[in-house]
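# Observations on chain architecture
If you want the building blocks of each chain, they are given just below.
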Amino acid sequence: MLCEVCGRQTTMLRVVSIEGSELNACPDCARFGVEKSPRPKRTTAEPVHVSEALEKREKRAQTFDVFQQAAEELVADFPQRIRKARERLNWTPEDLGKKINEKKSVILKLEAGQMRPDDALARKVERALGIRLKERPTQAAAPKAAAHRGLTLGDIVKLEKR
Ligand SMILES: [Zn+2]
């Protein structure tokens, strides 16, 4: 069998409508068209399909979030967060300094709010103390994230065809 779209040999042809004309297409090309013979998909399996589609969508959204982390901002109360976490661990400023390869004076400046840590320093402190110093500003990120998670019926159909 030959695909009428790309001309390749294929073992599986699907009848799809591409820009108005019905063509026998291989699975690759079928994605570009609208599949004919729409079987009614009212089976018991449908909710599973939808939740799977949502799950995939959710995973993609999370991937997207990873790239968003560059936009994270230093929290305003970082001096308190550092000091509280350090004291909870019973570490002196010197102890914390040793853990992250910084001078005691750097720790003291951070805790006094006299110094803002750069990305690398903030990450080291976060990891050593198990706290978050950088967060995405919520009001700016929330509507964007919601828009990306919105799943339309069209999206579900697309995902099911994949
Ligand atoms: Zn093809």
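In what follows, the structure referred to is the one given above.
How each quantity is defined
- Residues numbered from 1 in each chain as written.
- Predicted model: local features only at pLDDT ≥ 70, side-chain atom pairs only at ≥ 80, totals over all residues.
- Heavy atoms only, no water.
- Pairing = 2+ DSSP bridges.
- Helix = DSSP H or I, 4+ residues; strand = E, 2+ residues; numbered from the N terminus.
- Axes fitted to C-alpha atoms, helices over the stretch in contact; angles between N-to-C directions.
- Parallel < 35°, antiparallel > 145°, perpendicular 65-115°, else oblique.
- Contact = heavy atoms within 4.5 Å.
- Nonpolar A, V, L, I, M, F, W, Y, C, P; charged D, E, K, R; others polar.
- Donors = N, O, S within 2.8 Å, 3.2 Å for Na, K, Ca; no water.
- Tetrahedral: all angles 85-135°; square planar, octahedral: opposite > 155°, others 65-115°.
- Buried < 20%, exposed > 50% of the residue type's maximum accessible area, 1.4 Å probe, protein only.
- Core = buried A, V, L, I, M, F, W, Y, C linked by side-chain atoms within 4.5 Å.
- Arc of directions from axis to C-beta.
- Salt bridge = Lys/Arg side-chain N within 4 Å of Asp/Glu carboxyl O.

### Regarding the pairing of strand β2 (residues 21-25)
As paired elements, strand β1 (residues 14-18) and β2 share five bridges and run antiparallel to each other. By the bridge assignment, R14 is partnered in β2 with A25. Adjacent in sequence and paired antiparallel, β1 and β2 are bridged by two residues, among which E19 carries a positive phi angle near 45 degrees.

### What about the packing of helix α3 (residues 78-88) against helix α5 (residues 104-111)?
Viewed as axis vectors pointing N to C, α3 and α5 meet at an angle of 125 degrees, and their least axial separation amounts to 7 Å. Here α5 runs oblique to α3, going by the angle between their axes. Residues F78, P79, I82, R83 and R86 of α3 lie in contact with α5, whose contacting residues are I107, L110 and E111. When its residues are assigned to classes, the contact of α3 with α5 shows five nonpolar, no polar and three charged.

### Concerning the coordination of the zinc ion
Around the zinc ion, the protein contributes the donor atoms C3 (SG), C6 (SG), C26 (SG) and C29 (SG), which lie 2.2 to 2.4 Å from the metal centre. Taken together, the four donor atoms coordinating the zinc ion and their angles of 103 to 116 degrees define a geometry best described as tetrahedral. Considered as a linear motif, the donors of the zinc ion on their single chain read C-x2-C-x19-C-x2-C. Of the residues examined, C3 reaches a relative accessible area of 2% and is grouped as buried.

### Description of the nonpolar core
Core analysis: the largest hydrophobic core is formed by 17 residues, its most contacted members being F78, I82, L96, L110, V125, L129 and L133. If you list the elements that add at least two residues to this core, you get α3, α5 and α6 (119-129). A per-element tally of this core places α6 first, with four residues. Those residues in contact with I82, other than ones at most four positions away along the chain, are L96, L110, E111, V125, L129, I131 and L133.

### Re α6
Within the sequence span of α6, burial applies to L121, A122, V125, E126 and L129. All buried residues of α6 fall inside an arc of 135 degrees around its axis, so they share one side. Where the residues of α6 are buried, they touch α3, α4 (93-99), α5 and β5 (134-135). One or two positions beyond α6, positive phi appears at G130, with a value near 70 degrees.

### Structural notes on the environment of C26
By the element assignment, C26 lies in the loop between β2 and α1 (27-30). A residue is classified by how much of its surface remains accessible, and C26, at 4% relative accessible area, is buried. Sequence separation between C26 and E4 is 22 residues; the distance between their C-alpha atoms is 8.1 Å. Once residues within four sequence positions are removed from consideration, C26 is found in contact with C3, C6, R8, T10, M12 and L13.

### Section: the pattern of salt bridges
Scanning the entire structure with this criterion turns up 11 salt bridges. Across the pair R31 and D28 runs a salt bridge whose closest N-O atoms are separated by 3.9 Å. For R31, a relative accessible area of 53% puts it in the exposed group. Given a relative accessible area of 38%, D28 falls into the partly exposed group. Put simply, K134 and D119 hold a salt bridge, and the shortest N to O gap is 2.3 Å. Residue K134 is located in strand β5, and its partner D119 is located in helix α6; the two are separated by 15 residues in the primary sequence. The class for K134 is buried, based on a relative accessible area of 17%.

### Some thoughts on α3
Along α3, the residues classified as buried are F78, P79, I82, A85 and R86. All buried residues of α3 fall inside an arc of 145 degrees around its axis, so they share one side. Turned more than 90 degrees off the buried face of α3, the exposed positions are K84 and R88. Considering only its buried residues, α3 is in contact with β4 (73-74), α4, α5 and α6.

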